[in-house]
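Structural overview
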Amino acid sequence: MKIFRVLCGLFTLLPIFLSAEKPFFLPSIREFTFDGKVIDTKSLKGKLVYVQFINSKSQDQISLLKNIYNDFIIEHTIFPIIFVDNLNIFLSNLGNFPNQLYIIDANYVTYKSLFLVPPCCEARLLFDKDSKLLFKLSEFNDYEQVIRPLINSRLYNLNLFSSSRFGIEGHSIFEFPWLFGFINNIELKSFRLIVISFHTNICLSCPSGMIIKYLNELKNKANDIYIASIVSSDFKASDIENLKQHLNINYNVFRDDGYLPKNPVEIISKNGRSYLGNLIYVINNSGIIMKIFCCSSYYIDELIAYITKFQEGL
Amino acid sequence: MFKLIYKLPLIILLTFFYLLAFSNTNQTMTESQKLSEWKAWLSKYPVPKGAKRIFPVSYFPTENQENQGIYFYKAYHLAYYLENKAIFVSDWGQHKIFQFDLNGNLIKTIGKKGQAPSEFEYPGELFVGDNGLLLILDEGNHRFQIFSYKGDFITSFKIYKPYFSYYLKKDNLLFANNTTLNNQEPLIEVLDLNGKFIKGIGERAHFPIDTPVNNNVYISQDKKGNLIAVFAYFDIVRKYDMNGKLLYEKLIADNLIRDVSRQNKKNIQFMDGKVSCLNVIRAVYSKNDNHYLLLTYPRLAILEFDSEFSLKNYYYWPDTPVSYYAFDFFIENDNTSTIKFYILQTFDKNRLEIFSSKEGGK
């Protein structure tokens, strides 16, 4: 009977194992574009491949494509494959720059299912240089806030990608050794929770100052929480000493050349916000990233509420 | 009931017209109120006996320079290096520093928008020390950048506090005042050029209403190296010696500054991170043993005080328009007795205006 119960239990857990995400790779296709160019996805290894599905009802996506064209396609930084269901509507809205786009107007529905795009929706996908899917976004994601930073993250610095709030909650820090390498030296199990804040600028009257003030207070109250702040590479050693002195910081502050991009502000000013500054990662003692909080004071309140609940055992 | 329904459109129409008329009146009233208030201030605070008139001489960038692409977009602060007579102007909108000579000829520009050394994100206050070091508050990058007076980058350090004003002394010590609600902090922090806190000078004053700006002071220095701290919103001035000992605290003897100070003590407000109060002292400049305060409302005036902060001279421009703003200035004497006042106007024009103590004084 006991064995039967265990088997039943395991059977109940089966869907969880089945639903675990497997890496998705760029499907192998060979197709002609509307203007006679040949696309063979096997030959695209080593390139960042951007795939977008645009149907005739989502014409606003065509204007968004212009942004992507201006930011990334015109300089050949990504290889763009665009699937459209209605070529005429697409071309009449597109304007004068389709030369570098690879537009496929055949078998729209088939290709949608091949790229695992639900029938209800359109999507945009980015594959890395090994043809592995980096992200799949719906047509509703904001260009400035989400799409551009995500594409940038792959262009400028691999690590920027993980700095984004999107996509790594629920993952293990060990998947991102270049970001959380310093945690290897910490005995995770000796803490109940790990809170790491990342900053590119810090000032007392800004959200960064509020975060640090809160983390300082938390450090004084909770010995079972490991706290650290990571600052970007433009902080000198003396800047970190001054930071600790001026803000009376009583926990670890690291400067990480390897983990944060060299010129975050420059990248942001050129390519849009990437949610790089003032990110707070809350990690459990198995190394799973439980929650990522962003930069505004709203998120700080959320962070405080989250940690308070955790401390209360809720 | 029927009568009421019948009258309803009329009531709505009348209400609409009333609101329209009221809102228009309100708007006109605001403008005219502004003008009459300004006139009232002009008559309530006449220039003192013996006040000296100043005369506009020239300004730059000129229209000619603007046509060549030399213009200010949002220039608020300037610094003057006496040794080589160089004027530095920070432009918050163009993220760069202009260097001019006294005649307004552009010598060079420093920087562009960015995060690297010599690049700026909203450069704010700047200061040239007697040692020729040019210190620039790079607000957006939360750091100070230090250059030689020739514009060569030397070093930078990160800052973590919202500094209101600062002063660089010859011995490479930086004296900085920061905006905070914490009255336990010193009035002035002494930092080295790596940003390391060395010591604090002075205690913060207590006021009936606590706001973070109460203890904002303009810092300056007299000939002996003593520090002068002029409170931005109150009529208080303090002098500290080089060891931080308070030499005096005085009330500034000017009716306008005194009345504004009284009003601020009663009415200064701090809500939702914003401070509401009156500010008439726009900037402080010290030369030899004289200290100058810049006022722009209700008229452009430069008050000259001696080392004990007694009023020596009152310079004013009688033709000041109602909306005249300036946040920085300096004074230059040529070999004659003519004094030149270089005033960085920020509204309604954005340009550096030169006034002379003598009519036709060029």
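Let me sum up the structure you'll find in this document. Remember, predicted model here, so these are calculated numbers, not experimental data.

It is worth spelling out helix H9 (residues 237-246) of chain A at this point. Taken together, the buried positions of H9 of chain A are Asp 239, Ile 240, Asn 242, Leu 243 and His 246 of chain A. Each buried residue of H9 of chain A lies within a common arc of 160° when the element is viewed along its axis, so the set occupies one face. Seen from the open side of H9 of chain A, the exposed residues pointing more than 90 degrees away from its buried face are Ala 237 and Glu 241 of chain A. At its buried positions, H9 of chain A is contacted by strand S9 (225-231) and strand S10 (252-255) of chain A together with strand S10 (153-158), strand S11 (163-168), strand S13 (188-191) and strand S14 (197-201) of chain B. Once H9 of chain A finishes, Asn 248 of chain A follows within two positions and takes phi at roughly 50°, a positive value.

The subject of this paragraph is the state of the cysteines. Think of a disulfide as a covalent bridge from one cysteine sulfur atom to another cysteine sulfur atom. Residue and element names in this part refer to chain A. On inspection of all chains with the given rule, the structure shows two disulfides over all chains. Note that Cys 120 is cross-linked by a disulfide to Cys 121, the S-S spacing being 2.4 Å. Negative torsions about the S-S bond denote left-handed disulfides, and the value of about -70° found for Cys 120 with Cys 121 makes this one left-handed. Residue classification places Cys 120 among the exposed positions, given a relative accessible area of 61%. Disulfide pairing is shown between Cys 203 and Cys 206; the S-S distance is 1.9 Å. A torsion of 80° about the S-S bond marks the disulfide between Cys 203 and Cys 206 as right-handed. Each of the two residues, Cys 203 as well as Cys 206, counts as buried.

Right, let's talk about the side chain of Asp 91 of chain B for a bit. Residues and elements named next belong to chain B. With respect to the helices, strands and loops of the structure, Asp 91 is situated in strand S4 (residues 86-91). Buried within the structure, Asp 91 lacks any salt-bridge partner; Lys 96 is the closest side chain of opposite charge, at an N-O distance of 7.6 Å. A polar contact of 2.9 Å, which involves the side chain of Asp 91, links it to the backbone nitrogen of Lys 74. Setting aside chain neighbours within four positions, we find Asp 91 in contact with Tyr 71, Phe 72, Tyr 73, Lys 74, Ala 75, Lys 96, Phe 98 and Pro 123.

The next thing to look at is the nonpolar core. Residues and elements named next belong to chain B. Of all hydrophobic cores here, the largest spans 70 residues; its most connected members are Val 230 and Leu 293. Once you skip the residues sitting within four places of it in the chain, Val 230 turns out to touch Asn 216, Val 217, Tyr 218, Ile 236, Val 237, Ile 252, Ile 281, Val 284, Leu 293 and Phe 309. Listed in part, the 33 residues of the second largest apolar core include Phe 72, Phe 329, Leu 352 and Phe 355.

How each quantity is defined
The residue numbering used here restarts from 1 in each chain and proceeds along that chain's sequence as written. Working convention: letters from A go to chains and numbers from 1 go to ligands, in the order in which they are written. Reporting of local features is limited, given that this is a predicted model, to residues whose pLDDT is at least 70; pairs of side-chain atoms are given and counted only at 80 or more, and all residues count toward the totals for whole chains, interfaces and linings. Side-chain metrics in this entry use all non-hydrogen atoms of the structure; hydrogen atoms and water are not considered. Note on classification: 1.4 Å probe, protein chains only; a residue is buried when its accessible area is under 20% of the maximum for its type, exposed when over 50%, partly exposed between these limits. Helix and strand assignments come from DSSP, with helices taken as H or I runs of at least 4 residues and strands as E runs of at least 2, each series counted from the N terminus. Here, the arc refers to the directions that run from the helix axis to the C-beta atoms. We call two residues contacting when some pair of their heavy atoms lies within 4.5 Å. Any pair of cysteine sulfurs within 2.5 Å is marked as a disulfide. Under the convention used here, Asp and Glu are negative, Lys and Arg are positive, and both His and the chain ends fall outside the count. Any carboxyl oxygen of Asp or Glu within 4 Å of a side-chain nitrogen of Lys or Arg constitutes a salt bridge here. The definition of a polar contact used here is a pair of N or O atoms within 3.5 Å, where within protein one atom must be able to donate a hydrogen and the other to accept one, and adjacent residues in sequence count solely through side-chain atom pairs. Definition used in this section: a nonpolar core is a set of buried Ala, Val, Leu, Ile, Met, Phe, Trp, Tyr and Cys residues joined via side-chain atoms within 4.5 Å.

Geometric descriptors of this kind do not, in isolation, establish any biological role.
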